[in-house]
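Okay, here's what each chain looks like letter by letter:
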Amino acid sequence: MTRVSVIGAAGLSGGELIRLVHQHPGLDLVHLGGHRHAGQRLSAVHPGLRLRPDPLIEKVTDDLAARRCDAVLLATPAPVSARLAPRLSRTGAVVVDLSGAFRLRSAAAHARWYPDADRPPGLVDHFVHGVPELVRDQLPQAALIALPGCYATAATLAVAPLVLGMDLCPRRLLIDAKGGSSGGGLTGRTADAHPYRDGNITPYAPAGHRHAAEIEEFFGRRTTEGPRVSMSAYGTGGVRGLLVSCYAFTELGGDSDAADAADAGDRTLLRAYIRFYRDHPFVRFRRQGETAIPVPSPKAVNGSNYCDVSAVHDPDGERVIALAALDNLIKGAAGQAVQALNLRFGYAEDTGLAMLPVVPV
């Protein structure tokens, strides 16, 4: 059994981590850490998680991780992760960070997007960063793992077959991202309050979002010249789930007739995406007309670790539209943390994560 600590246990991602670790046959939940809620029972902050026995949330100490845990999952804000990760890394426990503290290697980009996360110089270079599907070969030896943000996870999976599989590096990558209120955590802004959010679409970051820097840096380190990424983010009236629409300005070539070119391009994309993700159980390529509702759809992945992707060729606009939908609390956070643990500790990648989506909700 792999002994696991969840720090930040009272948050939304922390609650999902606890739920997934508890039902995993190879993981043993031995510690829950927190600050404001230290001393409280788990069920007091997560009514749906009434375990037997009902564990206490404890204050975080370094020696506790060293003595009791093989892996520590940080579901903490970036400034807290930046403070805890260096200490925990010296205990010998594997550290998996869900925050933005160690996602960006560039000091300038980190200072711009996470100015309050004061991390020690050089430590970020020891983190494996990326979606598990795209850094799978690095995870078995990893001691420090930084997972991407939910939008970055979806967008990276949406366009990876283009950039890494087809060597089509778009000159520009525009991302339109829409997500539910759980993406903002439990301490949101006024605009995230239910009376304002319900039935609404809120442009909370129309001219830039920090996840764009992650996407640009990830592909920039793996290609000769990665795409420039621009992103707009919108809040929707739902609670869980997100959809990203990625507009990659690149041409596939083909017939000059627009209809024929679009069909040929779609067939090329279908083959490329299926080939790229054939060995990855949690990424499902979806064709637009294959289901009763248009897909990808956040509703079709709710409660699961799946990411549904699709790609369409638009020869008139000289672009490929790559779409991805996922549950931001699972595949965008807790689920891919457990997926990373599976790969790190030698379990089958889908162990504890085989739950199907809950539809309808």
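What counts, and at which threshold
- The residue numbers shown here count from 1 along each chain, following its written sequence.
- Given that the model is predicted, a residue must reach a pLDDT of at least 70 before its local features are reported, and side-chain atom pairs must reach 80 or more before they are shown or counted; all residues, however, enter totals for whole chains, interfaces and linings.
- With hydrogens and water stripped out, all remaining heavy atoms of the structure feed into the side-chain values.
- Here, a salt bridge means any side-chain nitrogen of Lys or Arg that lies within 4 Å of a carboxyl oxygen of Asp or Glu.
- Think of it this way: any DSSP run of H or I at least four residues long counts as a helix, any run of E at least two long counts as a strand, and we number them from the N terminus.
- Burial here depends on accessible area, computed with a 1.4 Å probe over protein chains only, as a share of the maximum for the residue type. Under 20% is buried, over 50% is exposed, and the range in between is partly exposed.
- Only residues whose relative accessible area exceeds 30% and that form no salt bridge are eligible for patches; like-charged ones are grouped when within 9 Å, while nonpolar side chains (Val, Leu, Ile, Met, Phe, Trp, Tyr) are grouped when within 5 Å.
- Only the protein chains shown count as covering a residue, and every accessible area follows the Shrake-Rupley method with a 1.4 Å probe.
- Positive charge is attributed to Lys and Arg, negative charge to Asp and Glu, and no charge count is given to His or to the chain ends.
- Taken as the charge centre is NZ of Lys, CZ of Arg, CG of Asp or CD of Glu, depending on the residue.
- Pairing between strands is defined by DSSP: at least two bridges between the two strands are required.
- It only takes one pair of heavy atoms within 4.5 Å for two residues to be counted as in contact.
- The angle between two axes is taken between their N-to-C directions and runs from 0 to 180 degrees, where each axis is a line fitted to C-alpha atoms and a helix contributes only its stretch in contact.
- Just so you know how the angles are binned, under 35 degrees is roughly parallel, over 145 roughly antiparallel, 65 to 115 roughly perpendicular, and the rest oblique.
- Should the near helix be turned anticlockwise from the far one by less than a right angle, the crossing is termed left-handed; should it be turned clockwise, right-handed.
- Three classes are used: nonpolar for Ala, Val, Leu, Ile, Met, Phe, Trp, Tyr, Cys and Pro, charged for Asp, Glu, Lys and Arg, and polar for all others, with Gly counted as polar.
- Throughout, nonpolar core names a set of buried Ala, Val, Leu, Ile, Met, Phe, Trp, Tyr and Cys residues whose side chains join them through atoms within 4.5 Å.

S.K.: Could you clarify how one ought to interpret the pattern of salt bridges in this entry?
M.R.: When the charged atoms of two side chains lie near each other, side chains of opposite charge can form a pair. Under the counting rule described, the total for this entry stands at 15 salt bridges. In this structure, Glu133 and Lys331 form a salt bridge, with 2.9 Å as the shortest nitrogen-oxygen distance. Of the two residues, Glu133 sits in the loop between strand S5 (128–129) and strand S6 (144–146) while Lys331 sits in helix H10 (residues 330–345), which places them 198 residues apart along the sequence. One exposure class covers both Glu133 and Lys331, and it is buried. A salt bridge links Arg136 to Glu349, with the nearest nitrogen and oxygen atoms 2.6 Å apart. Taken together, the residues span a long stretch of sequence, with Arg136 in the loop between S5 and S6 and Glu349 in the segment after H10 at a distance of 213 residues. For Arg136, a relative accessible area of 25% puts it in the partly exposed group. You can call Glu349 buried: its relative accessible area is 11%.

S.K.: What should I look at first to understand a positive patch on the surface in this one?
M.R.: Taken together, the side chains of Arg267, Arg271, Arg275 and Arg278 make up a positively charged region of the molecular surface. Along the chain, Arg278 falls in the loop between helix H9 (258–276) and strand S11 (283–285). Judged by relative accessible area, which is 62%, Arg278 ranks as exposed.

S.K.: How should I be thinking about the sheet that holds strand S3 (residues 71–74) in this particular structure?
M.R.: As a general point, the strands of a sheet are linked pairwise by backbone hydrogen bonds and lie either parallel or antiparallel. Ordered by their spatial adjacency, six strands build an open sheet running S2-S1-S3-S4-S6-S5, and the pairing between neighbours is parallel. Single-partner strands in this sheet number two, and they are strand S2 (27–33) and S5. Looking at chain direction, S5 and S6 are connected through two bridges and run parallel. In the strand pairing of S6, Val128 is matched with Ile145. Of the strands in this sheet, strand S1 (2–7), S2, S3, strand S4 (94–97) and S6 are in contact with H10, which crosses S4 at around 155 degrees.

S.K.: Explain the sheet that holds strand S12 (residues 307–314) to me, please; I cannot follow it from the model alone.
M.R.: Here seven strands make up an open sheet; going across it, the order is S8-S9-S7-S10-S13-S12-S11 and the pairing mixed. Across the chains shown, the open sheet's two edge strands, defined by having one partner strand only, are strand S8 (202–205) and S11. Direction aside, neighbouring strands of the sheet carry axes that sit 25 degrees apart on average. Strand direction decides the pairing type here: strand S7 (residues 172–179) and strand S9 (residues 228–235), joined by eight bridges, are parallel. Paired with Gly179 across the two strands is Gly235, which belongs to S9. Contacts from helix H8 (residues 210–220) reach S7 and S9 within the one sheet, and its direction differs from that of S9 by about 145 degrees.

S.K.: Explanation requested: the packing of helix H1 (residues 12–23) against H10 in the structure shown.
M.R.: When two helices pack together, their arrangement is given by the angle between the helix axes and by the axis-to-axis distance. Remark: H1 packs on H10, axes separated minimally by 9 Å, with the N-to-C direction vectors making an angle of 40 degrees. One way to sum up the angle between H1 and H10 is to call them oblique. The two elements H1 and H10 cross, and the hand of that crossing is right-handed. Here Ser13, Glu16, Leu17, Arg19, Leu20 and Val21 of H1 come into contact with H10, specifically with Ile330, Ala333, Ala334, Gly335, Ala337 and Val338. Residue composition of the contact of H1 with H10, by class: eight nonpolar, two polar and two charged.

S.K.: Hey, could you run me through the nonpolar core in this one?
M.R.: Soluble, globular proteins show a tendency: their nonpolar side chains are buried together. One finds Val96, Ile175, Val244, Cys246 and Tyr273 to be the most contacted residues of the largest nonpolar core, which totals 80 residues. With 11 residues, helix H6 (residues 150–165) is the single largest residue contributor to this core. Those residues in contact with Cys246 that sit more than four places away from it in its chain are Ala155, Ala158, Val159, Leu173, Leu174, Ile175, Val320, Ile321 and Ala322. Membership of the second largest hydrophobic core comes to 23 residues, among which are Ala85, Ala101, Tyr114 and Ala213.

S.K.: What is the right way to look at the side chain of Glu214 in this model?
M.R.: Tracing the backbone through its elements, the reader meets Glu214 in helix H8. The class of Glu214 is buried, set by a relative accessible area of 2%. Sequence-distant contacts of Glu214, that is, excluding residues within four places in its chain, are made with Arg103, Leu104, Tyr114, His129, Pro148, Gly149 and Ala152.

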